[in-house]
Number of protein chains: 2
Amino acid sequence: MYSIVLQILFLISINCTVIINSYPENECNLDNKLVDEIQSYKNVTKQIIDKIVSGGFGTKMYEDYSKFIDTFGARLAGSKALEKAIDHMVNLTRQNGLNDVTTEEVDIPYWQRIYESANMFEPYLKKISILGLGTSVSTPAEGIKAEAIVIKSFDELEKTDENKIKGKIVVFDPPFVSYGETVVYRSLGASKASRKGAVATLVRSITPFSIYSLHTGAQDYENNVTKIPTAAITHEDADLFRRLQNLGEKIVLKIHMSYAMSRKISRNTIIDLKGKESPEKQVIVSGHIDSWDVGQGAMDDGGGMMISWFVPVILNILKLKPRRTIRAILWTAEEPGLIGAEAYLTKHINETSNINFIMESDEGTFKPLGLDVAGSTNARCIIAEVLKLFTPIDKMKESEYPGSDMTLFVQKGIPGASLLNENERYFWFHHSEGDTMNVQNQEDVVACAAFWAAFSYVIADLSQDIPRQ
Amino acid sequence: MYSIVLQILFLISINCTVIINSYPENECNLDNKLVDEIQSYKNVTKQIIDKIVSGGFGTKMYEDYSKFIDTFGARLAGSKALEKAIDHMVNLTRQNGLNDVTTEEVDIPYWQRIYESANMFEPYLKKISILGLGTSVSTPAEGIKAEAIVIKSFDELEKTDENKIKGKIVVFDPPFVSYGETVVYRSLGASKASRKGAVATLVRSITPFSIYSLHTGAQDYENNVTKIPTAAITHEDADLFRRLQNLGEKIVLKIHMSYAMSRKISRNTIIDLKGKESPEKQVIVSGHIDSWDVGQGAMDDGGGMMISWFVPVILNILKLKPRRTIRAILWTAEEPGLIGAEAYLTKHINETSNINFIMESDEGTFKPLGLDVAGSTNARCIIAEVLKLFTPIDKMKESEYPGSDMTLFVQKGIPGASLLNENERYFWFHHSEGDTMNVQNQEDVVACAAFWAAFSYVIADLSQDIPRQ
Ligand SMILES: [Zn+2]
Ligand SMILES: [Zn+2]
C-alpha cells in the first residue's frame with residue numbers, strides 16, 4: 001500500500017506543475033446536434049443556479065456547512081469526531097428528503113498526536129514550535145537531543161558526507177517552489193535522512209507564506225529504513241537555523257514527540273440520486289470528509305465535501321432527475337493516503353465501466369473559475385462546450401491527474417474534473433491551524449455549489465456518454 | 001504615569017486615521033536662497049546613498065542587523081536579552097569608530113510571561129491558543145472556568161445588562177478597522193469589562209489578517225478597577241465563539257495564566273556625532289531596542305533601531321560632520337508604554353529647546369516612501385523641499401503625532417518625522433511570533449538606511465533651523 005501511496009504522491013506532484021492549457025477549440029469537431037443539445041441546457045442550468053444563489057437553498061447549505069464545521073471541528077481519520085461527522089451527514093441527507101444514502105466500512109490507520117515540544121539549546125535557549133507529520137514515530141520518552149544540520153535539498157543531502165549527518169537532526173529548508181515540487185521533503189525527507197544516519201528530521205512547512213505557521217501532512221517511511229521522528233517547523237525557525245549555521249554557530253535541539261498508531265473502522269458515505277433512464281451509469285461528485293487534526297478542515301476539504309454532498313440533495317429537492325445516477329461520495333481517510341477512495345475502488349471495481357465521469361473538489365471552494373479536466377480530446381471538447389453554459393465560470397485546465405482521491409479513477413481511464421477556483425492562498429492555510437471557517441466566503445462557496453450542481457446535472461443528463469480514450 | 005500612557009495611546013490612535021495630506025506646495029513660500037541651499041545638497045546626499053547602497057556599508061549594516069536579531073532574539077523590557085543587546089550595540093558603535101556613546105539608566109516594569117493555556121469545555125473540548133497582554137494579572141492557580149459572552153464593541157458592552165456580564169469571560173471580537181481604532185479593545189477592554197463584573201477578557205488579535213495568529217501588546221488597568229486577566233486570542237477562535245453564540249450554544253472556557261511583575265533597570269542608549277558648528281543643537285534619530293517577548297522584534301523595532309543607530313555611525317565613517325549634533329537614541333522599554341522616552345525627556349527637559357528635529361522609525365523598514373511629518377507649515381515646507389533630493393522617496397504625510405516615542409517630544413512643539421514605508425502588512429506580524437527576520441528584505445532595509453542617513457545629514461547641516469510653530 002505504501003508504494004501505491006508514494007506513487008500517487010508523485011503523480012500529484014506532477015499534476016501541480018502542469019500549465020493551464022488553452023481551450024481545445026481548434027481540435028474540437030463536435031457534432032452540431034450535440035452542440036445544440038448542450039446549449040439547450042441553458043434554461044435548466046440557469047434555473048438550478050438561481051434557486052441555489054437567490055432562492056435560499058445556497059444560504060441554507062452554507063449555514064449547514066458552517067454549523068457542521070463548528071460542531072465537529074477537525075476530523076482526523078480514526079477519530080470519534082470524524083465518525084460523528086459522518087453520522088451527521090447521513091442524517092442531514094435524510095432530513096433533506098434523500099434516503100438513498102449508505103456508508104461502507106473502511107479499515108484505516110489511526111495516527112494520533114499525543115505530545116510534541118522542541119527547544120533549541122545552543123547557541124541559546126529558544127522554544128521551537130513543531131507539528132509532527134502523519135505516521136511519524138515517537139521519540140524515546142526522554143526525547144532526542146542532538147546537533148542540527150540544515151540541508152536545502154536531497155541533492156545536497158546526497159553529496160554531504162555521512163559523518164556529518166550521522167546522529168544529527170536534519171533540518172530540511174527547501175524554498176517553496178510549488179506544492180508538488182516541494183512536498184517531497186515532507187513526504188520522503190525522513191526516509192532519505194534516515195538512510196544517512198539522521199536521528200530525526202524537521203521540515204520547513206510546505207507553504208508559500210508564513211506567520212510562524214506550522215503545516216502538517218502525510219509522510220511515508222520507505223521499506224527497510226529506520227523510522228525516525230519527523231515534524232514540520234515554521235519558515236521562521238527553519239530560516240533562523242539556516243542563518244545561524246551560516247554564521248558558524250553550532251545548533252543543538254531537543255525534541256519530544258509522542259504519537260499512537262492503531263487501526264480503526266471508518267466509512268465512505270454514498271448518496272445516490274438514481275438516474276431516470278440509465279441508473280446503472282454514474283456521474284460521481286466527491287470530496288473528503290476527513291481532515292488533519294489542526295484547524296477545522298473547513299477548506300480541506302469541508303467545502304469540497306459539502307458542495308459535492310449538495311449535488312444530489314438539491315437536484316432531488318428541485319425534482320431534477322438526470323438520465324444517469326448522480327452519486328455523491330464523501331471519502332474517508334483521504335489525508336493518510338487516499339485510503340477511503342482505494343477501498344471504494346477495490347469494492348466497486350466491477351462498476352468502473354459504468355462511471356461516466358468523476359468530479360472532485362479538494363483544492364478550495366473560493367471563487368469558482370471552471371474545471372481542471374483529465375480525459376481524451378473528445379471528452380475535453382464536450383466539457384468545454386458544457387462550460388460555455390457557465391460563462392464566466394468557463395476556464396478549462398488540462399491535467400493528467402487533476403485531484404487526489406480521483407487519481408485512482410483517472411488511472412483506470414475514467415474521465416474526470418476537479419474544481420478550478422481562485423485558490424492562490426490555498427497553501428497558506430492548508431493542513432494548519434489556519435484552515436477554519438474564517439478563510440471561507442459564503443458568496444463564493446454558494447457560487448461553487450451552484451456551478452458544481454448545475455454542471456453535474458448536465459453531464460449526468462446528456463444523451464451521450466463522456467467518451468474515454 | 002498610566003494616564004499619560006493612555007493619553008498617548010489615544011493620540012496614537014488618532015494619528016493612525018489621519019489621511020495622507022498632499023504636498024503643501026501651495027502654502028509654501030520658501031526663500032529662494034534656502035531652496036538653492038537645499039538643492040546644493042544633491043551631491044552629498046547622492047554620495048551618502050551610493051556609499052551605503054553600493055559601497056558595501058549597507059550590506060555590512062544588514063549583516064550586523066541580522067546577526068543582532070538572531071543572536072538576541074526577543075528583547076522584552078526587563079529581560080537579560082535586552083540588556084545584552086544594549087551592551088552589544090554600545091560595543092558595535094565603538095567597533096565602528098564612534099566612541100561618543102553612553103547609556104542612561106531607566107527604572108522600568110518587568111512583566112514576565114510564565115505560563116498560559118486555555119480550553120473550551122462547552123459545547124465541546126477544544127484547545128484555545130492565548131497570548132497574555134502586557135501587565136495582565138495572573139489567574140488563580142486553579143485557573144478560571146466560566147461561561148463566555150462575545151461582545152463586539154464597548155457600545156454593546158455598555159448596553160448589555162450587568163447580569164449577563166457578571167462572572168463571565170468577556171470575548172471582545174471587534175472587526176479590524178484600523179490599528180488605532182481597534183486597539184482600544186486590547187488596551188482598555190479588561191478595565192471596561194471588569195467594571196461590569198467580568199472575570200477575564202479575551203480579545204480578538206488586533207490584525208487585519210490571521211493564520212491562527214496571536215498578537216500581544218500593552219494594556220492598562222484603569223484606576224480603582226478590579227484587575228482581571230486579559231489575553232489575545234486568534235481571529236479564528238474569536239469568530240468561532242461568535243458563530244457558536246449565534247447558534248445559541250453555551251460556551252464554557254477554562255483559562256490558566258501566570259505572570260510575574262517586578263521592576264528592573266534598563267538603559268537608553270545615546271550615540272552622538274557632535275556637530276561641527278552648533279554641537280549643542282541636536283537632530284535626534286531614533287528607534288526602540290526593546291520588543292515584545294514573541295518573535296524576534298526584527299520589524300518592531302529592530303529595523304528602525306538599526307537604521308537610526310547607523311546614521312551617526314556611517315556619517316562618522318564617511319567623515320561627514322554636519323553643523324548640528326546628530327544624536328541616535330535607542331529607546332528602551334517603548335512597548336510597556338514609552339518608558340524610556342519619558343525618562344529621557346524628564347532627564348533632558350532643559351535641552352528640548354535645542355532639539356531642532358526628531359526622527360523615529362517604528363513602523364517598519366520596508367521599501368521607503370518618504371516621511372510622516374509633524375510641524376508647522378514652514379517646517380513642512382522645508383522638509384518637502386529636502387525630500388525633493390530623494391525622489392522617488394519623496395512622499396510626505398502630515399500627522400499630529402507621527403510616531404510613538406516621538407509623541408512626547410512633538411507634544412512639546414518639537415517638529416519631527418517618522419519613516420513612511422510600504423508597510424501595508426506591518427500589522428500582520430506586529431507583536432506576534434511572525435515578527436522575525438523573515439519579514440525583512442535586505443534591499444529595502446538598506447534603502448531605508450541610506451535615505452534615513454542622508455536625510456538626517458541635510459537637516460542637521462542646513463544653515464537654518466527647522467522652525468517651530
Ligand atoms: Zn484535501
Ligand atoms: Zn515598536
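What you see is a predicted model; the values in this text were computed from it and never measured.

**So, the overall build of chain A**
Alright, step 1. Along the backbone of chain A there are 17 helices and 14 strands.
Alright, step 2. The C-alpha atoms of chain A give 23 Å as radius of gyration, which agrees with the globular expectation for 469 residues (23 Å, within 12%).
Alright, step 3. Seen along its three principal axes, the alpha-carbon backbone of chain A occupies a region of about 70 × 45 × 40 Å.
Alright, step 4. Here chain A, with 469 residues, has 63% of them falling under the buried criterion.
Alright, step 5. When contacts within chain A are restricted to residue pairs at least 6 apart in sequence, long-range pairs at least 24 apart make up 84% of them.
Alright, step 6. If you sum the accessible surface of chain A, you get close to 17,300 Å²; carbon and sulfur atoms cover 49% of it.
Alright, step 7. For chain A, the separation between the mean place of its 49 positive charges and that of its 60 negative charges on side chains is 3 Å.

**Comments concerning the coordination of the zinc ion (ligand 2)**
All names here are of chain B.
Alright, step 1. For the zinc ion (ligand 2), the full set of protein donor atoms is His288 (NE2), Asp300 (OD), Asp362 (OD) and Asp362 (OD), and the range of their distances to it is 1.8 to 2.7 Å.
Alright, step 2. Around the zinc ion (ligand 2) sit four donor atoms; with metal-centred angles ranging over 52 to 146 degrees, the donor geometry is irregular.
Alright, step 3. The sequence pattern describing where the donors of the zinc ion (ligand 2) fall on their chain is H-x11-D-x61-D. Here the residue histidine 288 occupies a position in strand 9 (residues 278-288), and aspartate 362 occupies one in the loop between strand 11 (355-360) and strand 12 (368-374), the gap between them amounting to 74 residues. For the pair shown, histidine 288 and aspartate 362 are each scored as buried.

**Describing the interface of chain A and chain B**
Alright, step 1. Facing the 27 residues of chain A at the interface are 27 residues of chain B.
Alright, step 2. Where chain A abuts chain B, roughly 2,300 Å² becomes buried across the two surfaces, and 59% of that area is made up of carbon and sulfur atoms.
Alright, step 3. At the junction of chain A with chain B, the criterion picks out two salt bridges.
Alright, step 4. Between the two partners, chain A and chain B, sit nine residue pairs in polar contact (both at pLDDT 80 or more).
Alright, step 5. Elements supplying a minimum of two residues to the side of chain A that touches chain B: helix 4 (57-72), helix 11 (235-246) and helix 16 (426-429) of chain A.
Alright, step 6. When residues of the side of chain A that touches chain B are assigned to their parent elements, the largest contribution, six residues, is made by helix 11 of chain A.

**Focus on the relation of the copies chain A and chain B**
Alright, step 1. In the superposition of chain A on chain B (RMSD 0.0 Å, axial shift 0.0 Å), the rotation amounts to 180 degrees. With respect to symmetry, the two chain copies, as superposed, fit the operation of a two-fold axis. Taking C-alpha positions as the reference, the residue of chain A nearest the rotation axis is isoleucine 211 of chain A, at 3.3 Å.
Alright, step 2. Interface overlap between copies: 100% of the residues of chain A at the interface are likewise at the interface in chain B, consistent with a symmetric, same-surface contact.

**Side note on the UniProt feature "domain: Peptidase M28" (unreviewed entry) in chain A**
Alright, step 1. In the numbering adopted here, UniProt assigns the feature "domain: Peptidase M28" (unreviewed entry) to residues 268-454 of chain A.
Alright, step 2. Structurally, residues 268-454 of chain A comprises 33% helix and 26% strand, and the distance from its first C-alpha atom to its last is 24 Å.

**What to know about the domain arrangement of chain A**
Residues and elements named next belong to chain A.
Alright, step 1. Considered domain by domain, chain A is made up of domain 1 (4-100 + 274-461) and domain 2 (114-259).
Alright, step 2. Between the C-alpha centres of domain 1 and domain 2 there is a distance of 35 Å.
Alright, step 3. Opposite the 15 residues of domain 1 that make contact, domain 2 presents 20 residues.
Alright, step 4. A combined buried area of about 1,500 Å² lies between domain 1 and domain 2, and 72% of that area is made up of carbon and sulfur atoms.
Alright, step 5. For the pair domain 1 and domain 2, the interface holds zero salt bridges.

**Some points on the side chain of threonine 182 of chain A**
Residues and elements named next belong to chain A.
Alright, step 1. Relative to the assigned elements, threonine 182 resides in helix 8 (residues 179-182).
Alright, step 2. A relative accessible area of 3% places threonine 182 in the buried class.
Alright, step 3. Not counting the four nearest positions on each side in its chain, threonine 182 is found in contact with Pro174, Pro175, Phe176, Val177 and Ile206.

**Thoughts on helix 12 (residues 298-317) of chain A**
All names here are of chain A.
Alright, step 1. Of all the bends found along helix 12, the most pronounced is centred on valine 311 and spans about 35 degrees, while proline 312, a proline, follows it within four residues.
Alright, step 2. Most of helix 12 is tucked away, with 18 of its 20 residues classed as buried.
Alright, step 3. Just downstream of helix 12, lysine 319 is the residue with a positive phi angle, here 55 degrees.

**Some thoughts on the packing of aromatic side chains**
One pair of aromatic rings is described through two measures. These are the centre distance and the angle between the planes.
Alright, step 1. In this structure the tally under the stated criterion is 44 aromatic pairs over all chains.
Alright, step 2. Three or more aromatic residues joined by ring pairs form one cluster here, namely Phe209, Trp428 and Phe429 of chain A together with Phe209, Trp428 and Phe429 of chain B.
Alright, step 3. Cation over ring: lysine 145 of chain B sits above phenylalanine 121 of chain B, and NZ or CZ is 4.3 Å from the ring centre.

**Quick look at the packing of helix 4 of chain A against helix 5 (residues 80-95) of chain A**
Residues and elements named next belong to chain A.
Alright, step 1. Interhelical geometry of helix 4 versus helix 5 gives an angle of 155 degrees and a closest axis separation of 10 Å. One way to sum up the angle between helix 4 and helix 5 is to call them roughly antiparallel. The handedness of the crossing between helix 4 and helix 5 comes out as right-handed. Of the residues in helix 5, those in contact with Asp64, Phe68 and Phe72 of helix 4 are Ala81, Lys84, Ala85, His88, Met89 and Leu92.
Alright, step 2. Residue composition of the contact of helix 4 with helix 5, grouped by class: six nonpolar, one polar and two charged.

**As for the environment of glutamate 83 of chain A**
Residue and element names in this part refer to chain A.
Alright, step 1. One can find glutamate 83 in helix 5.
Alright, step 2. The exposure class of glutamate 83 is buried, given its relative accessible area of 16%.
Alright, step 3. Not counting the four nearest positions on each side in its chain, glutamate 83 is found in contact with Ile265, Ser266 and Arg267.

**Examining the coordination of the zinc ion (ligand 1)**
Residues and elements named next belong to chain A.
Alright, step 1. Protein coordination of the zinc ion (ligand 1) is provided by His288 (NE2), Asp300 (OD), Asp362 (OD) and Asp362 (OD), with donor distances spanning 1.8 to 2.7 Å.
Alright, step 2. For the zinc ion (ligand 1), the four donor atoms in the first shell make angles of 51 to 145 degrees at the metal, so the coordination geometry reads as irregular.
Alright, step 3. Linear spacing of the donor residues for the zinc ion (ligand 1) on their chain is H-x11-D-x61-D. Residue histidine 288 is located in strand 9 (residues 278-288), and its partner aspartate 300 is located in helix 12; the two are separated by twelve residues in the primary sequence.
Alright, step 4. Of the residues examined, aspartate 300 reaches a relative accessible area of 3% and is grouped as buried.

**Brief notes about the pairing of strand 11 (residues 355-360) of chain A**
Residues and elements named next belong to chain A.
Alright, step 1. Along strand 11, six of the six residues are buried, which leaves the element largely enclosed by surrounding structure.
Alright, step 2. Relative to strand 11, strand 9 runs parallel, the two sharing five bridges. Counted as the bridge partner of valine 283 is phenylalanine 357 from strand 11.
Alright, step 3. Bridge count between strand 11 and strand 14 (residues 416-421): three bridges; the pairing is parallel. From the neighbouring strand, glutamate 360 faces strand 14, where its bridge partner is serine 418.

**Digging into the state of the cysteines**
Residue and element names in this part refer to chain B.
Alright, step 1. In total, this model carries two disulfides over all chains according to the counting rule given.
Alright, step 2. Across the disulfide, cysteine 28 is cross-linked to cysteine 381 (sulfur-sulfur distance 1.9 Å). Taking the sign of the torsion about the S-S bond as the criterion, the disulfide between cysteine 28 and cysteine 381, at about -90 degrees, is left-handed. Residue cysteine 28 is found in the loop between helix 1 (2-17) and helix 2 (32-39), and its partner cysteine 381 is found in helix 14 (residues 377-387); the two are separated by 353 residues along the sequence. Take cysteine 28 and cysteine 381: they sit in the same class, and that class is buried.

**Examining the pattern of salt bridges**
Alright, step 1. Using the criterion set out here, one finds 52 salt bridges over all chains in the structure.
Alright, step 2. The closest approach of N and O atoms between arginine 323 of chain A and aspartate 461 of chain A, which form a salt bridge, is 4.0 Å. With arginine 323 of chain A in the loop between helix 12 and strand 10 (324-331) and aspartate 461 of chain A in helix 17 (residues 442-461), this pair connects stretches of sequence that are 138 residues apart.
Alright, step 3. Among the salt bridges present, the one from aspartate 87 of chain B reaches arginine 267 of chain B, with a minimum N-O distance of 2.9 Å. Placement of aspartate 87 of chain B in helix 5 (residues 80-95) and of arginine 267 of chain B in strand 8 (residues 252-273) is noted, with a sequence separation of 180 residues between them.

**Quick look at the packing of helix 4 (residues 57-72) of chain B against helix 12 (residues 298-317) of chain B**
All names here are of chain B.
Alright, step 1. For the pair helix 4 and helix 12, interaxial distance at closest approach is 10 Å and the crossing angle is 140 degrees. In terms of axis orientation, helix 4 runs oblique to helix 12. As helix 4 packs across helix 12, the resulting crossing turns out to be right-handed. Two secondary-structure elements touch here, helix 4 through Phe57, Met61, Asp64, Tyr65, Phe68 and Ile69 and helix 12 through Ala298, Met299, Gly302, Gly303, Met305, Met306, Phe310, Ile314 and Ile317.
Alright, step 2. Here the residues of the contact of helix 4 with helix 12 are counted per class, giving twelve nonpolar, two polar and one charged.

**Let's talk about helix 5 of chain B**
Residue and element names in this part refer to chain B.
Alright, step 1. Taking 1.5 Å per residue as the helical rise, helix 5 with its 16 residues ought to reach 22 Å, and the 22 Å between its terminal C-alpha atoms agrees with that figure.
Alright, step 2. The set of residues buried in helix 5 consists of Leu82, Glu83, Ala85, Ile86, Met89, Val90, Leu92 and Thr93.
Alright, step 3. Looking at the buried side of helix 5, the elements it contacts are helix 4, strand 1 (101-122), strand 8, helix 12 and strand 10 (324-331).
Alright, step 4. Just downstream of helix 5, glycine 97 is the residue with a positive phi angle, here 90 degrees.

What counts, and where the lines are drawn
- Residues numbered from 1 in each chain as written.
- Chains lettered and ligands numbered in written order.
- Predicted model: local features only at pLDDT ≥ 70, side-chain atom pairs only at ≥ 80, totals over all residues.
- Heavy atoms only, no water.
- Helix = DSSP H or I, 4+ residues; strand = E, 2+ residues; numbered from the N terminus.
- Rg over C-alpha atoms; globule rule 2.2 N^0.38 Å.
- Buried < 20%, exposed > 50% of the residue type's maximum accessible area, 1.4 Å probe, protein only.
- Contact = heavy atoms within 4.5 Å.
- Areas by Shrake-Rupley, 256 points an atom, 1.4 Å probe, with all protein chains shown as cover.
- Lys, Arg positive; Asp, Glu negative; His and termini not counted.
- Charge placed at Lys NZ, Arg CZ, Asp CG, Glu CD.
- Donors = N, O, S within 2.8 Å, 3.2 Å for Na, K, Ca; no water.
- Tetrahedral: all angles 85-135°; square planar, octahedral: opposite > 155°, others 65-115°.
- Buried area = accessible area lost by both parts, 1.4 Å probe.
- Salt bridge = Lys/Arg side-chain N within 4 Å of Asp/Glu carboxyl O.
- Polar contact = N/O pair within 3.5 Å; in protein donor to acceptor, adjacent residues only side chain to side chain.
- Least-squares fit on C-alpha atoms with pLDDT ≥ 70 in both.
- UniProt positions renumbered as here; feature names shortened; annotations may be inferred.
- Domains from an automatic or database assignment.
- Bend = angle between axes of the 7 residues up to and from the residue.
- Phe/Tyr/Trp six-rings, centres within 6.5 Å; stacked < 30°, edge-to-face > 60°.
- Lys NZ or Arg CZ within 6 Å of the ring centre and 35° of its normal.
- Axes fitted to C-alpha atoms, helices over the stretch in contact; angles between N-to-C directions.
- Parallel < 35°, antiparallel > 145°, perpendicular 65-115°, else oblique.
- Left-handed = near helix turned anticlockwise from the far one by under 90°.
- Nonpolar A, V, L, I, M, F, W, Y, C, P; charged D, E, K, R; others polar.
- Pairing = 2+ DSSP bridges.
- Disulfide = S-S within 2.5 Å.
- Expected span 1.5 Å × (residues − 1).

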